[in-house]
Amino acid sequence: MKKILLSLLPFVLVSCEKEISLDYREVDALYVVEACLTQDATTVRISTSQNVTDNSVLDHVVADATVVISSDGEVLDTLSYVGAGKYSSRVRGRGTNTYDLDVEVNGRHFTSYSTMQHAPDPVGFRFLWKEMLGRRMLFAELRLQDLPGEVNYYFMHLYRNGLGYRWAVLSDEHGPGEELQQLFHCCSEDDILDGDSDALADGSYIEVEIRSVDRRSYDYLYSLQTMEGAGTNPIANFTGGCLGYFSACYIVKSSYTFRLSEVVEE
Amino acid sequence: MNVLILLLSALTGLPQAARSDTSRVQQEELEEVVVVANDAGRRVSSLQLGAEQMQVRDLTSRPALFGEADVMRSLQLLPGVKAESDASSNFQVRGGTAAQNSILLDEAPVYNVGHLAGLFSAFNDNALAGATLYKGLAPARYGGASSAVFDITSRAGRSDAWGGNAGIGLLSAKASVEGPLVRDRLSMLLNARRSYADLFFKLSNKYRNNDLYFFDANLKLNWTVNDLHTLQLSAFVSKDRTAVSDLVAVDWRNMTASLQWLFRSHRTEAKTSLFVSSYDMDNSIRLLDSDQNYRGHIRHTGLKHNVRITAGRHEFNAGARTMLTDVKSAEWEILSSHEVERRKAWDNSAWAEWQYDTPVRSFTFMAGVRAGAFSALGGPFYYDIDADGNITWIHRRREWRPVKTWVSVEPRVSVLWRPSPQLSVKAGYSRTSQPVHALRNQDTSTPFDRYAVSSNLLRPQLADQVGLGFFWMMPSRDYDVSVEAYYRHVDHVPDYRDGVNFASAIEIERLILTGEGRGYGVEMCIRKNTSPLTGWISYTLAWSQTRIDGINGGRWYDANNDRRHDINVVLSYRLSSAWTFSATWVFNTGQAFTAPSAKYQLIDNWIYYYAERNGYRAPNYHRMDIGAKWSRPIAGGRMMREWHFGIYNVYNRYNPWLIRFEDSTYGRGTKATQYSLFGIVPSVSFNLKW
């Protein structure tokens, strides 16, 4: 709610915005681990943080890490490096097992753990127009049926033409066992007509990914979502001082082509 | 940018009115020990360090945002006092935050004193007699705030004849009526004010479903029973509503009422106050099938008695207060869930103070103590939590039974040395505690603030402050100079943990970490006291820092409100009986804020890494406002008409209000964007008094 209100505030009050220059103070690079163990495979991406003024994308991947996945004290596999900072394994998440991830790089160890979840149950996905302060705003609406009898957490990610576009996390605490709804604010109609780079375009290829995640992953992603722009770091998910998170999760994917003519009026 | 902005910026200006006998009301009825803003002699001779009185007649001669004479915005021009932000009526004193201040209206606490998200204060200047700010070093009869106490007294109506005023600006209109219900015995004053920008919305198909309005009203009845006894009943209500179609609605309301019995004899004065106050928030969002409601309140019911006895060189003050506090930290209705966290507390305090004007002519001292017992009461659940904020144990006590009682002993000491009639040196020490906490995710107060009472987990904030001041005036009293230095330290300051916000959990204590704060600085002020040119120039050099385990690696960091240099220039020039001109210029060092030290990719997004809290400075803030007042009597002197003209931010500087960082999806670079609230804002208003 606050996010929506804050997004409305500039339209009401702000009289001017301008870009300012800052003399950013540099810090030593930190390792970043983004690890996901699904019902199909395990993938890990390892990189390092970079200076604010450094805009390169591929210069900060880590290729010499040792990544081990285990469960119940038994090593299941050592992941293979496949390039671009990515490591993979055929280890699949099963049942509600808990998995441990150990990353060793340059003599430093980072560990985390996560518990596999049941498959999420998507109900529907559509795009909607909503009038706000005289502007037509485009929302994507994702609905899913919460799994009864258990506490569930979801991570939802929209991809546009193969790149991440919007994401959100959701818990079932306010509607356990019910149909849940997640709205993604995409852009305004004006943005689309102006060809804004952040706006969807007619024909954009949209992929929708829903993951059922455990509480630790949810807490990390929620803190990441909540603190965006607030000047704080997300809570730690790994021990050892690296950034990022490890999530064992069940993923369900679907894909769409965005058509302006098919957007529903709310 | 859109019609709402144009309406907000164009529909500005409010009429102003004030009576000239306000200081008499303040001083004679209530006998406040205060420094009178335009009285150099009292500034030098008063014992109390760090006290500033504001008189409503001063407010009307200063330019202000949107032309509104505003006690809260005028307060922000005093040395050592700062605005929370360009858009806020709230104030910060000597490194404290606005959440650490106590604002009292006729003894009743008031919260979130802003209209329109803080652009205007909720206090109608026509309803006020005067106000006194205690910058941390407060007399023992004040408590409950770890920073400043701002004590506002409402105005009594005329007891000799009926009168009133009506005014209209481009944003709001107000009216008042006052007079004797029983001549020279019972008088009344009724004030009401309402904005009407929302009426323009109805003319637009595009905006007809939006609401943006505020309303406030004050009533005061004053009954002079006889020469010794006076009874006063005062009430205040205010309401704000901002609603965007049927999508979002943000409402908040203030209500206070107090019944006061004043007794005054040759050597004894007593004031007994029965008061209630209530602040309610009600916010909702309805987007497609998602209904969410967020509500909360903080309510007080209390009885306070203070007696003052003078005997020769001695003066004694003593009293007690008992108050029930009811805080609904949050009530959420989200989809099918309904959660409430509500706590009650009983706050008792007593105080005694002795002031002695020593036979050694130049020395006066005051020593006092305030003792408090704050009890969190049973009924709702209380719990224990682990280091990560997870609940490990749940307790429940019978309703009204104390769950935890916090006892505080707060000494207050002041010394005055006056080697000559023109010069004085003052020193003081005070300890204060604050058992009710306001939690904010951001720098400024909003209806999304959550309140928490001290409990088995949350301790009252405890503040210690020492001060030293030098005061000098010319023999003619045309000019006077003051220099005050202070150091304050506060324990048990709460703040949100990293990674949570106000809506992360209903149990507020799970979201909080506590730490300590400190502030120190020097305030200098030169005042010109005699017409036609009056005003002051003040400079404050200050530091404000915070340390909380779990934030910034447990290291001290500059607080959000840390601004090293602060300059205020306030001038008023009376050209003739009709024309008065005024100008103010303010300068602040840029506010401390947090900027990223690195970035990394996660979930196909650039994520910023923050190595230090508040390690960067926003651009400096400065602004000049000018105003003019034209007044003329009409109808043979029975009526007075006034025009007020003003220009806020004359040289149209875009000052920083918010700085945000963003990165292109494709790594084209990090961009820091500064957002500003106001450029140049002209205003005009008209007022008629009779």
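Residues numbered from 1 in each chain as written. Chains lettered and ligands numbered in written order. Predicted model: local features only at pLDDT ≥ 70, side-chain atom pairs only at ≥ 80, totals over all residues.

## So, the overall build of chain A
Quick note on the threshold: In this description a helix means any DSSP run of H or I spanning at least four residues, a strand means any run of E spanning at least two, and both kinds are numbered starting from the N terminus. Within these notes, the globule rule equals 2.2 Å times the number of residues to the 0.38 power, and the radius of gyration is based on C-alpha atoms. To assign burial, the other C-beta atoms lying within 10 Å of each residue's own C-beta are counted, with C-beta atoms placed from the backbone; 20 or more indicates buried, 12 or fewer indicates exposed, and intermediate counts indicate partly exposed. C-beta atoms are placed from the backbone for every residue, and two residues are taken to be in contact when these atoms lie within 7 Å.
In terms of helices and strands, chain A carries three helices and 18 strands. Taken against the 2.2 N^0.38 rule, which gives 18 Å for 266 residues, the C-alpha radius of gyration of chain A at 20 Å falls within 12% of a compact globule. By principal-axis analysis of the C-alpha atoms, chain A measures approximately 60 × 50 × 30 Å. Looking at chain A as a whole, 33% of its 266 residues are labelled buried. For chain A, the proportion of contacts with a sequence separation of at least 24, taken over those separated by at least 6, is 64%.

## So, the overall build of chain B
In terms of regular secondary structure, chain B is built from six helices and 42 strands. Taking 690 residues into account, the globule formula puts the C-alpha radius of gyration at 26 Å, and chain B, at 25 Å, falls close to it. Projected onto its principal axes, the C-alpha coordinates of chain B cover approximately 70 × 55 × 45 Å. Expressed as a percentage of its 690 residues, the buried residues of chain B come to 50%. Of the contacts made within chain B by residues no fewer than 6 positions apart, 64% connect residues no fewer than 24 positions apart.

## A few points about the sheet that holds strand β8 (residues 128-134) of chain B
All names here are of chain B. We apply this condition: A strand pair is defined by DSSP finding two or more bridges across the two strands. With axes taken as lines fitted to C-alpha atoms, and helix axes fitted only over the stretch in contact, angles between N-to-C directions fall between 0 and 180 degrees.
In space, the five strands of this open sheet follow the order β1-β8-β9-β4-β5, with mixed pairing throughout. Of all the strands in the sheet, the pair left with one neighbour each is β1 (51-55) and β5 (108-110). Neighbour to neighbour, the strand axes of the sheet diverge by 25° on average, direction disregarded. Two strands pair when backbone bridges link them, and strand β4 (residues 102-105) and β5 are joined in this way by three bridges, in the antiparallel orientation. Within the sheet, the bridge partner assigned to Leu104 lies in β5 and is Pro109.

## Focus on helix α3 (residues 215-226) of chain A
Rule in force here: Helices are assigned an expected span. That span is 1.5 Å times one less than the residue count.
In a regular helix each residue adds 1.5 Å, so twelve residues correspond to 16 Å; α3 of chain A covers 16 Å between its end C-alpha atoms and thus fits that length. Counted residue by residue, α3 of chain A has nine buried out of twelve residues, so it is predominantly covered. Among the residues making up α3 of chain A, those that are buried are Ser217, Tyr218, Asp219, Tyr220, Leu221, Tyr222, Ser223, Leu224 and Thr226 of chain A. Of the surrounding secondary structure, the elements contacted by the buried residues of α3 of chain A are β9 (108-115), β12 (153-160), β13 (163-171), β15 (205-213) and β16 (243-248) of chain A together with β36 (605-609) of chain B.

## Notes on the interface of chain B and chain A
Put simply, the rule reads: We call Asp, Glu, Lys and Arg charged. Ala, Val, Leu, Ile, Met, Phe, Trp, Tyr, Cys and Pro are nonpolar, and the rest, Gly among them, are polar.
Between chain B and chain A, the residue contacts involve 61 residues of the former and 59 residues of the latter. Looking at the side of chain B that touches chain A, the elements with two or more residues in it are α1 (3-10), β16 (268-287), β17 (290-311), β35 (598-602), β36 and β41 (670-676) of chain B. Here the side of chain B that touches chain A gets seven residues from one element, more than from any other, and that element is β41 of chain B. Among the residues forming the side of chain B that touches chain A, the class breakdown is 33 nonpolar, 20 polar and eight charged. Examined bridge by bridge, strand β1 (residues 16-20) of chain A and β41 of chain B share five bridges and lie antiparallel to one another.

## Points about the sheet that holds strand β3 (residues 42-48) of chain A
Backbone hydrogen bonds are what pair the strands of a sheet, in a parallel or an antiparallel way. Residue and element names in this part refer to chain A. Strand order in this open sheet of five strands is β6-β7-β3-β2-β16, and the pairing throughout is mixed. The open sheet has two edge strands with one neighbour each: β6 (80-83) and β16. In this sheet, adjacent strand axes meet at a mean angle of 20° when their direction is disregarded. Judged from the three bridges that link them, β6 and strand β7 (residues 86-89) form a sheet pairing that is antiparallel. The residue bridging Ser80 from the neighbouring strand is Ser88, located in β7.

## Digging into the confidence of the model for chain B
All names here are of chain B. Applied cut-off: pLDDT runs from 0 to 100 and stands for how confident the predictor is about each residue.
Per-residue confidence for chain B gives a mean pLDDT of 86, with 90% of residues at or over 70. In this model, residues 1-38 is a region of pLDDT below 50 whose contacts with residues beyond four sequence positions or in other chains number 111 contacts. Across the predicted assembly, pTM comes out at 0.87 and ipTM at 0.91.

## Describing the pairing of β16 of chain A
All names here are of chain A. Burial of β16 is extensive: six of the six residues sit out of reach of the surface. Here β16 shows two buried faces, one formed by Leu243, Tyr245 and Ser247 and the other by Gly244, Phe246 and Ala248. Pairing of strand β2 (residues 31-37) with β16, which is carried by six bridges, proceeds in the parallel orientation. The residue bridging Ala35 from the neighbouring strand is Phe246, located in β16.

## Some words on the domain arrangement of chain A
Residue and element names in this part refer to chain A. For the record, the criterion: By convention here, the domain bounds are inherited from an automatic or database domain assignment.
Segmentation of chain A into domains returns domain 1 (29-116 + 216-248) and domain 2 (120-214 + 251-265). Once you take the C-alpha centre of each, domain 1 and domain 2 turn out to be 25 Å apart. Each partner contributes residues to the interface: domain 1 has eleven residues there, and domain 2 has eight residues. Breaking the side of domain 1 that touches domain 2 down by element, the ones donating at least two residues are β9, α3 and β16. Here the side of domain 1 that touches domain 2 takes six residues from α3, the largest share from any one element. Residue composition of the side of domain 1 that touches domain 2, grouped by class: four nonpolar, six polar and one charged.

## A few points about the nonpolar core
How we decide: Buried Ala, Val, Leu, Ile, Met, Phe, Trp, Tyr and Cys residues whose C-beta atoms connect them within 7 Å together make up a nonpolar core.
Counting 66 residues, the largest nonpolar core has Val32, Val33, Tyr154 and Val169 of chain A as its most contacted members. Looking at which domains feed residues into this core, each of domain 1 (29-116 + 216-248) and domain 2 (120-214 + 251-265) of chain A supplies at least three. In contact with Val33 of chain A, other than residues within four places in its own chain, are Val44, Ile46, Val103, Phe110, Phe238, Cys242, Gly244 and Phe246 of chain A. Grouped together as the second largest cluster of nonpolar side chains are 61 residues, Phe91, Ala122, Tyr451 and Val500 of chain B included.

## Quick notes on the environment of Ser265 of chain B
Within the secondary structure, Ser265 of chain B sits in the loop between β15 (248-264) and β16. Separated by 389 residues in sequence, Ser265 of chain B and Tyr654 of chain B have C-alpha atoms that sit 56 Å apart.

## Here's the deal with unusual backbone geometry
Residue and element names in this part refer to chain B. In this chain, Ser531 is followed by Pro532 through a cis amide linkage whose omega measures 5°. Tracing the backbone through its elements, the reader meets Pro532 in the loop between β29 (512-528) and β30 (533-547). Positive phi, close to 55°, is recorded for Ala635, a residue that is not glycine. With respect to the secondary-structure elements, Ala635 resides in the loop between β38 (621-634) and β39 (639-648). On the basis of neighbour counts, which here come to 9 C-beta atoms within 10 Å, the residue Ala635 falls in the exposed class.

## Describing the confidence of the model for chain A
Averaged over chain A, the pLDDT score is 89; the fraction of residues at 70 or greater is 94%. Here residues 1-12 of chain A scores under 50 on pLDDT; set against residues more than four positions off or in separate chains, the count is 17 contacts.

## Some remarks on the environment of Gly177 of chain A
All names here are of chain A. Position of Gly177 among the secondary structure elements: in the loop between β13 and β14 (179-188). Along the backbone, Gly177 and Lys18 are 159 residues apart, and their C-alpha atoms lie at a distance of 47 Å. Look past the residues within four positions of Gly177 in its chain and what remains in contact with it is Asp146 and Pro148.

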